[in-house]
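Observations on the model geometry
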Amino acid sequence: MSKSTQAHTFTTDVNKGKQQIRQCFDTWTHAWNEGDISSYVDAYSDSSQTRYVNGSNNVILRGKQSIIDYFMKSSSMGGDNSGGNSYSNSICSLISLEIEVMPGLKDALCFGQYELSVSQDNKVDENKNENDTISGGENSTHSTNSYHRGCFTVHVRKDENFVWKIMSDHSS
């Protein structure tokens, strides 16, 4: 095979890897937005070497089970919502995603920015003055949104089934 053919094949394989990884991020984001924490954490490699770092909450975890436990505890569907996170009520949007496939085509580094929009339905206090409510009536509810923007660096690796899995996730 000539050098130009090898270079073309490598470039094609890199682009194919980037496409696959982008599809994985879309799938993971969809699972998050559906509040399906189990499907979301399926993105992480089932290895004791898998790492998750959340700079906002000063959390460093190793191993997929620790990551599962953290997200289940932190989600209102799975626990006490400690750490101030309400994953099941949040919508994640990827603002940017850069993917760098490494030589060997088995590993990639992904850099990006995300935004979480957390919706909270708040029951209006029936003791408040009518002028203090957004929509009148003592049983009214209204939604408020809070936003968090952050950055991430994610190392993904193809597993033995040629599926991209997260080996390391540092989000802040």
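Structure: above.
This text gives an overview of the structure that appears in the document. (Residues numbered from 1 in each chain as written. Predicted model: local features only at pLDDT ≥ 70, side-chain atom pairs only at ≥ 80, totals over all residues. Heavy atoms only, no water.)

Quick look at the nonpolar core
- Formed by 31 residues in total, the largest nonpolar core has its most connected members in Ile21, Phe71 and Val156.
- Only α1 (3–33), α2 (37–41), β2 (59–62), α3 (64–74), β3 (90–101), β4 (107–123), β5 (141–158) and β6 (164–171) provide two or more residues apiece to this core.
- Counting residues per element, this core draws most heavily on α1, at 7 residues.
- In this structure Ile21 touches Ile99, Val101, Ala108, Cys110, Val156 and Trp164, once residues within four positions along its chain are discounted. (Core = buried A, V, L, I, M, F, W, Y, C linked by side-chain atoms within 4.5 Å. Buried < 20%, exposed > 50% of the residue type's maximum accessible area, 1.4 Å probe, protein only. Helix = DSSP H or I, 4+ residues; strand = E, 2+ residues; numbered from the N terminus. Contact = heavy atoms within 4.5 Å.)

Points about the pairing of β2
- Side chains of β2 alternate between two faces, with Val59 and Leu61 buried and Ile60 and Arg62 left unburied.
- In terms of strand pairing, strand β1 (residues 51–54) meets β2 through 4 bridges, oriented antiparallel. Each residue of the ladder has a partner; that of Arg51, found in β2, is Arg62.
- The turn linking β1 back onto β2 is made up of 4 residues, and Asn58 within it adopts a positive phi angle of 55 degrees. (Pairing = 2+ DSSP bridges.)

With respect to the side chain of His155
- Among the secondary structure elements, His155 is positioned in strand β5.
- Looking at His155, the relative accessible area reads 19%, which means it is buried.
- Engagement of the side chain of His155 in a polar contact is seen with the side chain of Asp107, the distance being 2.6 Å.
- Every residue in contact with His155, bar those within four places of it in the chain, is listed here: Asp107, Ala108, Leu109, Lys165, Ile166, Met167 and Ser168. (Polar contact = N/O pair within 3.5 Å; in protein donor to acceptor, adjacent residues only side chain to side chain.)

Topic: the side chain of Asn54
- Mapped onto the elements, Asn54 comes out in strand β1.
- Look at Asn54 and you get buried, because its relative accessible area is 9%.
- Those residues in contact with Asn54 that lie beyond four places of it in its chain are Val59, Tyr70 and Ser171.

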